[in-house]
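Observations on the three-dimensional arrangement
Given next are the chains, with one letter for each unit.
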Amino acid sequence: MAASLVGRAKGGTGKYGFASAAIVCQNSGVPETRIVHASDEDMKPAVREACGLLRAGEIVALPTETVYGLAADAFQPEAVAKVFAAKERPAFDPLIVHIGSRRDLARVALVPEDISETVNQLATEFWPGPLTMILPKHPDVPDLVTSGLPTVAVRQSAHPVFRAINKELGNPIAAPSANRFGRISPTSASAVIKELDGRIPMVVDGGACSEGLESTILSIEPRDGKKPIFRLHRAGPITKEQLQKFGKVEKVKERAGELPHAPGQLPSHYAPVTPLRIVEDPRDFRPEEGKRYGLLCYRGGDDDAYVRRHEWDAVEALSPGSGKLAEAAIRLFFAMRQLDEAGLDEIIAEPVSETGLGVAIMDRLRRASVRP
Ligand code: TXA
Ligand code: MG
């Protein structure tokens with residue numbers, strides 16, 4: 001692994017305020033990915049370095065409250081192209097644009113009159129936070145960002161480090177999750193390194209993500225005299241129950257053989273390399289001779305029916321502490337990664353109850369269980 005832990009960013013070195021090692025990395029094509037720490041109390045050097053790189057058309061992995069994002073200045077198409085290259089992401093899969101302030105919404109989207117009140121309500125209630133709205137795009141947003149679509153996906157991140165960088169940069173930030181295409185989203189700087197080491201110059205380490213699942217994505221359809229319809233493109237931390245106050249929530253239907261409406265919603269996604277199978281009832285699990293199995297269970301513990309079913313080679317519980325869905329959401333991608341690294345033949349997953357956050361968790365588990 002080529003990653004170097006440099007501790008606190010020094011800043012102030014070189015033209016853009018980042019250390020010369022990073023410049024060598026960019027030019028050599030086999031870069032060392034630097035990890036620069038940022039805490040709520042001391043983020044200035046990291047903010048300065050990240051903004052220096054972003055202004056210079058580079059890409060940087062940044063913490064958000066959902067998952068780590070791979071950031072580029074949204075108004076620099078060449079920088080955005082580097083995001084696609086580093087992730088090996090197909091060009092048909094558009095990026096989310098992050099705005100630093102509500103005022104910046106008008107720089108990236110043309111909000112139609114008939115949904116502007118709803119957009120305002122949702123932004124007031126959920127921004128900054130893990131809600132992404134799909135809106136008609138402003139012509140200034142490069143087509144590469146939206147993969148040629150007439151719409152743009154917009155959110156405002158609540159992570160203090162991301163917010164500071166977004167503000168200081170002054171431009172909106174295009175950032176997909178900082179993983180290789182189709183793989184598990186990273187919820188820590190070390191997970192980013194596992195995904196993108198040597199492909200990007202820098203990761204800002206802002207600690208573990210507080211939500212752990214990617215943002216809820218919706219589009220809005222106005223209705224005369226009635227609350228609008230929210231088309232749910234991706235389930236996420238903002239639940240159907242929370243949205244219902246403002247509109248009628250309907251899931252977007254996925255049709256086989258069509259280009260995905262949100263390619264993160266491809267049947268196989270968020271996937272570990274190790275095959276993963278959801279087993280509804282622990283009694284249905286029959287191990288094959290000589291195979292190594294890992295368990296991804298909900299609560300765990302010695303009395304747990306899943307835990308007792310087999311002598312597992314590895315066990316990860318989603319919510320060992322509280323038994324709450326919020327804890328499970330935060331731990332999901334971390335636990336999948338742990339099991340993926342345990343040298344197993346198969347991961348057996350216990351389903352979670354599909355209420356509230358459980359909808360988004362099951363969505364990720366199901367997609368992780370589909371082989372590409
Ligand atoms: O929480 C999040 O949303 C994280 C953090 C980094 O903000 N980002 C994230 O990005 O999950 P990504 O690229 O992994 O997922 C974005 C999803 C993709 O499935 C993409 O297809 C969809 O948003 N998307 C983006 N623009 C769209 C558009 N105009 N119409 C429909 N779907 C869109
Ligand atoms: Mg993603």
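To start, this report covers the structure provided alongside it. (Residues numbered from 1 in each chain as written. Chains lettered and ligands numbered in written order. Predicted model: local features only at pLDDT ≥ 70, side-chain atom pairs only at ≥ 80, totals over all residues. Heavy atoms only, no water.)

A word on the environment of Arg223. Mapped onto the elements, Arg223 comes out in strand 10 (residues 216-223). Look at Arg223 and you get partly exposed, because its relative accessible area is 27%. In sequence terms Arg223 and Gly247 are 24 residues apart; their C-alpha atoms lie 9.9 Å from each other. Sequence-distant contacts of Arg223, defined by excluding residues within four places in its chain, comprise Pro228, Ile229 and Lys248. Only 2.9 Å separates the side chain of Arg223 from the backbone oxygen of Lys227, close enough to count as a polar contact. (Helix = DSSP H or I, 4+ residues; strand = E, 2+ residues; numbered from the N terminus. Buried < 20%, exposed > 50% of the residue type's maximum accessible area, 1.4 Å probe, protein only. Contact = heavy atoms within 4.5 Å. Polar contact = N/O pair within 3.5 Å; in protein donor to acceptor, adjacent residues only side chain to side chain.)

One pass over the structure, following the stated rule, counts 24 salt bridges. Of the charged contacts, one joins Lys291 and Glu288 as a salt bridge, the two residues approaching to 3.6 Å between their closest N and O atoms. Given the relative accessible area of 47%, Glu288 is considered partly exposed. Between Glu316 and Arg331 there is a salt bridge, with the nearest N and O atoms lying 3.2 Å from each other. Highlighted residues: Glu316 in strand 15 (residues 314-317) and Arg331 in helix 11 (residues 325-340), separated in sequence by 15 residues. Here Glu316 and Arg331 have matching classes, each one buried. Residues joined by salt bridges that share partners form a network here, namely Arg180, Arg183, Glu195, Arg337 and Asp340. (Salt bridge = Lys/Arg side-chain N within 4 Å of Asp/Glu carboxyl O.)

A separate point is the sheet that holds strand 16 (residues 346-349). Taking strand neighbours across the sheet as the criterion, the four strands line up as 13-16-14-15 in an open arrangement whose pairing is parallel. Looking along the sheet, the strands with just one partner apiece sit at the ends: strand 13 (276-278) and strand 15. For this sheet, the mean angle separating the axes of adjacent strands, direction not counted, is 20°. Bridging between strand 13 and strand 16 involves three bridges; their strand directions are parallel. Within strand 16, the position partnered with Ile278 by the bridge is Ala349. Across the sheet, helix 11 touches strand 13, strand 14 (293-297), strand 15 and strand 16, and the angle it forms with strand 15 is around 175°. Sheet strands touched by helix 12 (residues 358-368): strand 13, strand 14 and strand 16. Its angle to strand 13, the strand with the most contacts, is close to 130°. (Pairing = 2+ DSSP bridges. Axes fitted to C-alpha atoms, helices over the stretch in contact; angles between N-to-C directions.)

A separate point is the packing of helix 2 (residues 44-55) against helix 7 (residues 160-169). For the pair helix 2 and helix 7, the least separation of the axes is 9 Å and the interaxial angle reads 50°. Classified by the interaxial angle, the pair formed by helix 2 and helix 7 is oblique. Handedness of the crossing formed by helix 2 with helix 7: right-handed. Together, Val47, Ala50, Cys51, Leu54 and Arg55 of helix 2 and Ala164, Ile165, Glu168 and Leu169 of helix 7 make up the contact between the two elements. For the contact of helix 2 with helix 7, the class distribution of residues is seven nonpolar, no polar and two charged. (Parallel < 35°, antiparallel > 145°, perpendicular 65-115°, else oblique. Left-handed = near helix turned anticlockwise from the far one by under 90°. Nonpolar A, V, L, I, M, F, W, Y, C, P; charged D, E, K, R; others polar.)

Honestly, it's all geometry; don't read function into it.
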